[in-house]
Amino acid sequence: MSKTACLICHCGTNIKGVIDVEKLKNEVKKRYGDVLVYNNEHWCSEDGLKKMGEIITRDKVSRIVIAACTPSLHEELFKKNAEKYGLNRGFVEIANIREQASWVHWHNPGKATLKALDHILMALEAVKEAKPTNIIRRPTERSVLIIGGGVAGINAALNLADAGIKVFLVEKSGFLGGHMAKWDKVFPTLDCSICILGPLLSQAYNHPNIKIYTLSEVVDFSGMPGDYIVKIRKRARYIDEATCNGCNKCLDVCPVELPNEYEYGLNIRKAIVKPEPQTVPVAPYIDVENCIGCMNCIGVCDPKAVNFKDTDKEITLSVGAVIVAAGFKPYNPIEVEEYGYGRFLDVITGAEYDRMLNCNGPTKGRVVKPSGNGEVEKIAFILCVGSRSERLGRPYCSKVCCMYTVKYAIETKITNPKIDITVFYTDIRASGKMHEEAYKKALEAGVKFIRGRVSSVEKDKSGRLRLTYEDTLEGKVEKELFDLVVLSIGIDPDPDNKKLANMLGLQLDEYGFFTEYHPKLKPSDTFRGGIYLAGACSGPKDITESTLQAGLAASRAAQFLHSGEVEVEVIAPEVDKNKCLKCGLCVHACDYKALKQTPEGILVNETACTGCGVCIAACPAGALKSPKKPTDEQIYSMLKAVLEERKDYPLIVGFLCKWCGYAAADNAGINKILYPTNIRIVRVECSGRVSPKHLVWALKMGADGVLVVGCREQDCHYRTGRIKANRRIKSLKELLEKYGVNPSRVEITGVSASEGGKLAKTITDFVNRISEIGPIGSELIEVAAH
Amino acid sequence: MSVEKPQVTVEVVDNTLTYTSKYTMLTKNLKFSIDRCVGCGLCSTACPVEAITLGPIKDIAARKIEAPQIIIDEAKCIICPVGASVCIFNALKFNTEEALKTPRISGSINIDISKCKPCLICEKTCPRNSLKAEIKIPKKEDLVKYEGEVWAEGEIKINLDKCIYCGLCEILCNAIKIEWIDKPTPPEFKIANGIMINEDKCDYCELCREICPTEAISVKCFKSASRTVAKPEIKGKITIDINNCIWCGLCVDKCPQKAIEAKKPFTGEIRVAKPEKCDPSGCKNCFNICPLNLFYITKTPSESRIKVADKYCIYCGACVNACPYDVLKVNRFGFNIEENKPWNQSYIEIYMKLIDKYKPKIIEYPMRKLAKPTEKAILREISEAAQPPVEIGKIRERMDKLEELISNRAVRILIEGGETKRLNSLGKAINQNKSNKPF
């Protein structure tokens, strides 16, 4: 006799504080007499897991429902624990009563409890139809691809290589080091940046376990976790890295002069590019789009390292895991018109100022006015340019600007004690180790800190710059003349992140940074197995944090590959030959060509299948049986459980895709954003898994509205799943109209996984709209009345 | 320790200047031929380090002095392929061991041998002697064999209107003589003044009439000694001196078989912009300097004093440099480049300087769209009042029918394809079909 256990978690006060857990227990027992119900403060704790195990073995439980936090967080933990006690993971269902109940409906505890109860009832019905999950083991490649050769990428590479794992590092530019190699000194130690980074770069370049590809980009990506196939395009360097001895004679004789992007346009470079004397690798590269073929470089190259016969190469690699360390881009403040960047030569960015202070930079370390009009006596630093700004679309704090400004102030005072420095700040964020002490040091050195915003930078008659600002602590508006204005710019995501995210199947947040699995507990993981994040590509951070995250990413990747194999769920559907109409709609629906129509019937290619379920939704006869939850039978049972006795009015059923829609709902929970309780959520693999049949069932059983929330069309993790869902919903709406049902009851929309607020607003608007339309069936009365 | 550019040394041999630069691993040189140079100044405009300046072109064109048309500053010159790549007259040549295959501005010329007769017209037309016709026609004496006596009677006439001066009859027979013009001049570029037959030498064999491509010769032999006349076979080919040809296209127009195709190195226009400024005594600078002799004096002085056969102009601009009164204007609109090579990007940037109305690239900063702040969700208090009644029975009935409908294969195909228009017509049928049987 198979027993089902329902385990309700209190999660301290997170759930118990809003939801009446006793009522839940009683209601479940009322409806399902033979289900064992247990409560616990924290089922995820050591004690809780043990208790779960005891329940499984002692009570001979064969199915479990755990009503707790979002499955995205602890599903794996609970499933592994169940397996430990002999229960197949397929028989474990999670009901989300925290992120999607207690955390978002604390304004109405009574209704929150009803919603939690509905989610539990859905899970109980679903687990009735559960089937064992088949796991197969696939061998993994013991190698890691690291995208990006900055401080994060290099750190991760060294960590992995020293552990004996082969590393392939791909760097877009011609040299290693990223942004850190450009800076003069790092805060708060005031170490010379390249001095501490350089040895790491050389170590990585010469490490037997690390293969470095510079001037290279990832152009194609496919495969499964543990066995990814990557295509890299390595652009021609035209200089042989092995034979070049780094003498730099070729740089002197090249006749072509171009603006130097490395120095942000402050000086010139040649067509043979080597930004600094101590780069890794030592060989420069030739910018063939500007080279005129004069062959002066060949003329001075003793080791004959110049090779114009070099060509672009495509390299295919097989790796087990990937670490994305693609870095950031400094914000371009040209759109902040009031500060005059781009109009006045003496308004520069923080990055440009760093190059000015750098002894290898364009001015060899002297602080000068780029316009050349006179000496620098007064410098103004303006903080929060391109950060903490709703107007500029960047409401986040870039973290590093306060500290790097303090660093520049101290550095400048050391070499030029006579220069007067003023820092205009909104807050001084000095939270790291020794950061506050550095700020104190700057104050002691005589740097002025004025709390207030600069409203404009204008040219004065004397040729200097006039700043108008509000000194909020004094309560006055002042005007003052300065020679040099440095805008402390923030951190922007690299614009290439979008292409990379599309290729790797990763998500970007609303600003364009990579989204991590969980910002607190899994800051290095992504939603794709075997792919990890390191460094500023996932959000603004300084060098310490980048190094920390790189270490974590390396450790996670090593952990993933350690056993030499990875467990993979069998996800490909099976064809029921008796029901199959051989119409071929499933074949057309599949973006991965995993289904083939043959004279014998439909054949499924298991290795190509990604488990999206779009084919199952396309089938008119329901002939495809999915091993992945939820199956069509489970959806039917779940809808019945919710709609048999409607606990709310209006009652909306939501089909949320696990990548974006469901994750956004969890995000709303994490951010405690309120929205109406009227929605009951079914988690599906992709919005393309939702069949018109499911929507008809929902309406038939009494749902007032159905909301399908997927990814945005261009972000769908299964290529065109969302677009197919769009088509189906559109057609269904037209059919509903023919049958007299208001088509506005069914809606499809898309959000990104971090847009919890947007999803909350969407649900609120939808609930308001449905309540205006009226309960399901009310429009038929009107029709009848006509 | 920074490396200094090695000293550029100059050597003068006859009318060629050689500029040499010796590096440790490489020696390269630039050869400048005064004979070939025209003084167009293309190299001066293209030079990436502005090392070339024009010499006294006006005086050279006026034949007052003899001097090099360009002056290369040895201190600035880096000895690169750029100048040589724009010189369409092959006056500048870049040499080094294993030189790189950099692009060149050049036109193209091609003779279709299936159409070429051959004949002498293109060779005689070319103003730069770049075409050589090697034509083998057996001599008439070998074709006409007399058995015994040698005599004939008849008449022969050449229609001067039809004769195109292909020269084949002259090669064939000594009796025909063409009065060739040495240097064809604009506007007609006639290659010959006349053609004459020495009737004493003619034996009316009629071979010339057969060979004539335009049937300009009419021969009639009344009577002759017995003889055999063999058919003449014309063999031959035209060779193009690619170093000299500047693709003016004159031969293209003159070829009677339309066998030649040519493309100019530049597209553009040439105009006599200020005819009123033209020197009344006729300075002739433009006449002297033009490599194709395209200038001529008009018959009607009421228009401009000089005219140019602009159809064949290659827009080198030498005449503009030579004219002391700024009478002429040459505009280049585009250029023709040989092959696609990695250096094309940088070279095309340089070649654009030769084109008029060239504006350098303006770098634009990308502007990020200003995001609107997200609106906060408005919560409405939805009362827990009693739920209004619903016609759930009717809904169930209709949804059951809809479910049956969408289980139909044909309907599902329409839904998957998003073909809502055809669903609409289905809809009409649904409303009419009261029994609601699936299709």
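Quick caveat, the model's predicted, so the values are computed rather than measured.

Peer 1: How should the overall build of chain A be read in this particular structure?
Peer 2: A count of helices and strands for chain A gives 23 helices and 38 strands. For a compact globule of 786 residues, the expected C-alpha radius of gyration is about 28 Å, and chain A comes in at 30 Å, within 12% of that figure. By its C-alpha atoms, chain A is 85 × 65 × 60 Å across when sized along the principal axes. Considering chain A as a whole, with its 786 residues, one finds that 61% of them fall into the buried category.

Peer 1: Where do I start with the sheet that holds strand S37 (residues 705-710) of chain A in this structure?
Peer 2: Backbone-to-backbone hydrogen bonds join strands into a sheet, with any given pair of strands oriented parallel or antiparallel. All names here are of chain A. Taken together, the four strands give an open sheet; going across it, the order is S36-S35-S37-S38, and neighbouring strands pair in parallel fashion. This sheet does not close on itself; its edge strands, each paired only once, are strand S36 (679-684) and strand S38 (746-750). Direction aside, the axes of adjacent strands within the sheet are offset by 20 degrees on average. Sheet topology note: the strand S35 (residues 652-657)/S37 ladder contains five bridges and is parallel. Bridge pairing links Phe655 to Val708 in S37. Here helix H20 (residues 692-700) sits on the sheet and contacts S35, S37 and S38; the angle it forms with S37, its principal contact strand, is near 150 degrees.

Peer 1: Just to check I follow, could you spell out the interface of chain B and chain A for this structure?
Peer 2: It is common to give the size of an interface as the accessible area that goes away when the parts come together. At the junction of the two partners, chain B supplies 73 residues and chain A supplies 84 residues. Of the roughly 6,900 Å² buried where chain B meets chain A, counting both sides, 64% is carbon and sulfur surface. Our count for the chain B to chain A interface comes out at three salt bridges. Linking Glu403 of chain B and Lys700 of chain A is a salt bridge whose minimum nitrogen-to-oxygen distance equals 2.8 Å. Viewed at the interface, chain A and chain B are joined by 17 residue pairs in polar contact (both at pLDDT 80 or more). Within the residue set of the side of chain B that touches chain A, elements represented by two or more residues are strand S6 (92-96), helix H11 (344-351), helix H12 (392-406), helix H13 (409-417) and helix H14 (420-432) of chain B.

Peer 1: Help me out: how do you make sense of the state of the cysteines in this one?
Peer 2: One covalent bond between the sulfur atoms of two cysteine residues makes up a disulfide. Residues and elements named next belong to chain A. Inspection of every chain in the model, using the stated rule, returns one disulfide over all chains. With its sulfur 2.4 Å from that of its partner, Cys192 forms a disulfide with Cys195. The disulfide joining Cys192 to Cys195 has a torsion of about 75 degrees about its S-S bond and is therefore right-handed. Residue classification places Cys192 among the partly exposed residues on the basis of a relative accessible area of 27%. Its sulfur unpaired, Cys297 is 6.3 Å from the next cysteine sulfur, which belongs to Cys294.

Peer 1: It is not clear to me how the pairing of strand S3 (residues 61-68) of chain A should be interpreted in this structure. Could you clarify?
Peer 2: For a regular strand, side chains alternate in direction, first toward one face of the sheet and then toward the other. All names here are of chain A. Most of S3 is tucked away, with seven of its eight residues classed as buried. One ladder, built from six bridges, connects strand S1 (residues 3-9) with S3; its direction is parallel. Residue Leu7 lies in a different strand from S3, and its bridge partner there is Ile66.

Peer 1: Where do I start with unusual backbone geometry in this structure?
Peer 2: Backbone geometry follows two general trends: most residues other than glycine have a negative phi, and most peptide bonds adopt the trans configuration. With an omega dihedral of -10 degrees, the bond running from Lys629 of chain A to Pro630 of chain A counts as a cis peptide bond. Along the chain, Pro630 of chain A turns up in the loop between strand S34 (624-625) and helix H18 (632-643). A cis amide bond links Pro186 of chain B with the next residue in sequence, Pro187 of chain B, at an omega value of 0 degrees. In this fold, Pro187 of chain B is placed in the loop between strand S11 (176-180) and strand S12 (192-197). Residue Lys364 of chain A is not a glycine yet carries a positive backbone phi of 55 degrees.

Peer 1: Could you clarify how one ought to interpret helix H19 (residues 661-670) of chain A in this entry?
Peer 2: Residues lying three or four places apart along an α-helix face the same way, a consequence of the helix completing one turn every 3.6 residues. The buried fraction of H19 of chain A is high, at nine of ten residues. With its phi angle positive at about 55 degrees, Lys672 of chain A sits one or two positions after the end of H19 of chain A.

Peer 1: Would you explain the environment of Leu30 of chain B in this entry?
Peer 2: Its location among the elements puts Leu30 of chain B in strand S3 (residues 27-33). With 53 residues separating them in the primary sequence, Leu30 of chain B and Gly83 of chain B have C-alpha atoms 9.2 Å apart.

Peer 1: Where do I start with the packing of aromatic side chains in this structure?
Peer 2: Aromatic ring pairs are defined here through the distance separating the ring centres and the angle between the ring planes. All names here are of chain A. Enumeration over the complete set of coordinates arrives at 20 aromatic pairs over all chains. Consider the rings of Tyr425 and Phe449, whose centres lie 6.3 Å apart with planes at 65 degrees: the pair is edge-to-face. Here Tyr425, found in strand S22 (residues 420-425), pairs with Phe449, found in strand S23 (residues 448-451); they are 24 residues apart in sequence, far enough to count as distant. When its relative accessible area of 16% is taken as the criterion, Phe449 is described as buried. Ring centres of Tyr439 and Phe449 lie 5.0 Å apart, and the angle between their planes is 90 degrees; this geometry places the pair in the edge-to-face category. Highlighted residues: Tyr439 in helix H13 (residues 435-444) and Phe449 in strand S23, separated in sequence by ten residues. Side by side, Tyr439 and Phe449 carry an identical accessibility label, which is buried. Members of the aromatic cluster, connected to one another through ring pairs, are Tyr353, Phe381, Tyr404 and Tyr408.

Peer 1: Is there a simple way to explain empty space enclosed by the protein in this structure?
Peer 2: Where empty space is left in the structure can be found by rolling a water-sized probe over the atoms. Residues and elements named next belong to chain A. Under the definition given, this model contains 17 cavities of 30 Å³ or more. By volume, the largest cavity amounts to about 170 Å³. Cys609, Gly611, Cys612, Gly613 and Cys615 are the residues nearest the centre of the largest cavity, which is lined by 21 residues in total. Element by element, the count of residues in the lining of the largest cavity is highest for helix H17 (residues 614-618), at three residues.

Peer 1: Any chance you could explain the sheet that holds S3 of chain A here in plain terms?
Peer 2: Residue and element names in this part refer to chain A. In space, the four strands of this open sheet follow the order S2-S1-S3-S4, with parallel pairing throughout. Looking at strand neighbours, the two that pair on one side only are strand S2 (36-40) and strand S4 (92-96), the edges of this open sheet. Taking each pair of neighbouring strands and ignoring which way they run, the sheet shows an average axis angle of 20 degrees. Taken together, the five bridges between S1 and S2 define a ladder with parallel strand orientation. Residue Leu7 lies in a different strand from S2, and its bridge partner there is Tyr38. Sheet strands touched by helix H4 (residues 71-84): S3 and S4. Its angle to S4, the strand with the most contacts, is close to 155 degrees.

Peer 1: Any chance you could explain the side chain of Arg269 of chain A here in plain terms?
Peer 2: All names here are of chain A. Within the secondary structure layout, Arg269 lies in strand S14 (residues 268-270). Of the residues examined, Arg269 reaches a relative accessible area of 12% and is grouped as buried. A polar contact is formed between the side chain of Arg269 and the side chain of Glu261, at a distance of 3.0 Å.

Peer 1: Could you clarify how one ought to interpret the confidence of the model for chain B in this entry?
Peer 2: Low-pLDDT stretches of the model should not have their predicted coordinates read in fine detail. All names here are of chain B. In the predicted model, chain B carries a mean pLDDT of 83, and 85% of its residues have values of at least 70. Averaged pLDDT values over the elements of chain B bottom out at 62 in H14 and peak at 95 in strand S4 (residues 52-54). Within the model, the stretch residues 362-386 combines pLDDT values under 50 with 36 contacts to residues more than four positions away or in other chains.

Peer 1: I tried to follow the side chain of Thr18 of chain B on my own but got confused; where do I start?
Peer 2: Residues and elements named next belong to chain B. Tracing the chain through its elements places Thr18 in strand S2 (residues 16-22). Residue class for Thr18 comes out buried when judged on its relative accessible area of 12%. Beyond its immediate stretch of four places on either side in the chain, Thr18 contacts Thr9, Val10, Glu11, Asn29, Leu30 and Lys31.

Peer 1: How do you make sense of the pattern of salt bridges when you look at a structure like this?
Peer 2: A side chain of one charge can pair with a side chain of the opposite charge if their charged atoms are brought near each other. Residues and elements named next belong to chain A. Counted under the stated rule, the structure contains 71 salt bridges over all chains. In this structure, the salt-bridge partner of Arg138 is Asp227, at a minimum N-O distance of 4.0 Å. Residue Arg138 is found in strand S5 (residues 135-139), and its partner Asp227 is found in strand S12 (residues 227-234); the two are separated by 89 residues along the sequence. On the accessibility criterion, Asp227 (24% relative accessible area) is partly exposed. Across the salt bridge formed by Arg269 and Asp287, the nearest N and O atoms sit 3.1 Å from each other. A residue pair is termed long-range when its members are at least 10 positions apart, and Arg269 in strand S14 and Asp287 in the loop between strand S16 (285-286) and helix H10 (296-300) qualify at 18 residues. Where salt bridges share partners, they join Glu27, Lys30, Arg31, Asp118, Glu645, Lys647 and Arg680 into one cluster.

Peer 1: Please clarify how the environment of Glu41 of chain A should be interpreted in this entry.
Peer 2: Residues and elements named next belong to chain A. Along the chain, the position of Glu41 falls in the loop between S2 and helix H3 (46-58). A sequence separation of 32 residues divides Glu41 from Cys9, and the C-alpha atoms of the two residues are 5.8 Å apart. When residues no more than four places from it in sequence are discounted, the contact partners of Glu41 are Cys9, His10, Cys11, Gly12 and Lys16. Side chain to side chain, Glu41 and Lys16 meet in a polar contact 3.4 Å long.

The rules behind each value
- Starting from 1, residues in each chain are numbered consecutively following that chain's sequence as written.
- Each chain gets a letter, beginning with A, and each ligand a number, beginning with 1, in the order they are written.
- Residues qualify for local features only when their pLDDT is at least 70, as the model is predicted, and side-chain atom pairs are given and counted only at 80 or more; totals for whole chains, interfaces and linings, by contrast, use all residues.
- As a rule here, side-chain values come from all non-hydrogen atoms in the structure, and water together with hydrogens is ignored.
- Every helix listed is a DSSP run of H or I at least four residues long, and every strand listed is a run of E at least two residues long, numbered separately from the N terminus.
- Values of the radius of gyration come from C-alpha atoms, whereas the globule rule sets the reference at 2.2 Å times the count of residues to the power 0.38.
- Exposure categories follow from relative accessible area, calculated using a 1.4 Å probe and restricted to protein chains: below 20% of the type maximum is buried, above 50% is exposed, and the middle band is partly exposed.
- One bridge is not enough; two strands pair if DSSP finds at least two bridges between them.
- Orientation is described by axes fitted as lines to C-alpha atoms, over the contacting stretch for helices, and by angles from 0 to 180 degrees between their N-to-C directions.
- Residue contacts are defined here by distance: any two heavy atoms, one from each residue, within 4.5 Å place the two residues in contact.
- Take the accessible area each of two parts loses on contact, using a 1.4 Å probe, and add the two losses: that sum is the buried area.
- A carboxyl oxygen of Asp or Glu within 4 Å of a side-chain nitrogen of Lys or Arg is what we treat as a salt bridge.
- Think of a polar contact as two N or O atoms within 3.5 Å of one another; within protein, one of them needs to be a possible hydrogen donor and the other a possible acceptor, and neighboring residues in sequence only count if both atoms come from side chains.
- Note on terminology: pairs of cysteine sulfur atoms within 2.5 Å are recorded as disulfides.
- Only centres within 6.5 Å qualify two rings of Phe, Tyr or Trp (six-membered ring in Trp) as a pair; their planes then separate them into stacked at under 30 degrees, edge-to-face at over 60, and tilted for everything else.
- In this analysis the probe radius is 1.4 Å and the grid spacing 1 Å, with only protein atoms considered; a cavity is a set of points the probe fits into but cannot get out of, a pocket is an open set with protein on both sides within 12 Å along at least five of seven lines, and lining residues have an atom within 4 Å of a point.
- Grid points are joined across faces, edges and corners, and a volume is the space filled by probe spheres set on the points.
- For every residue, the pLDDT score states the predictor's confidence, bounded by 0 at the bottom and 100 at the top.

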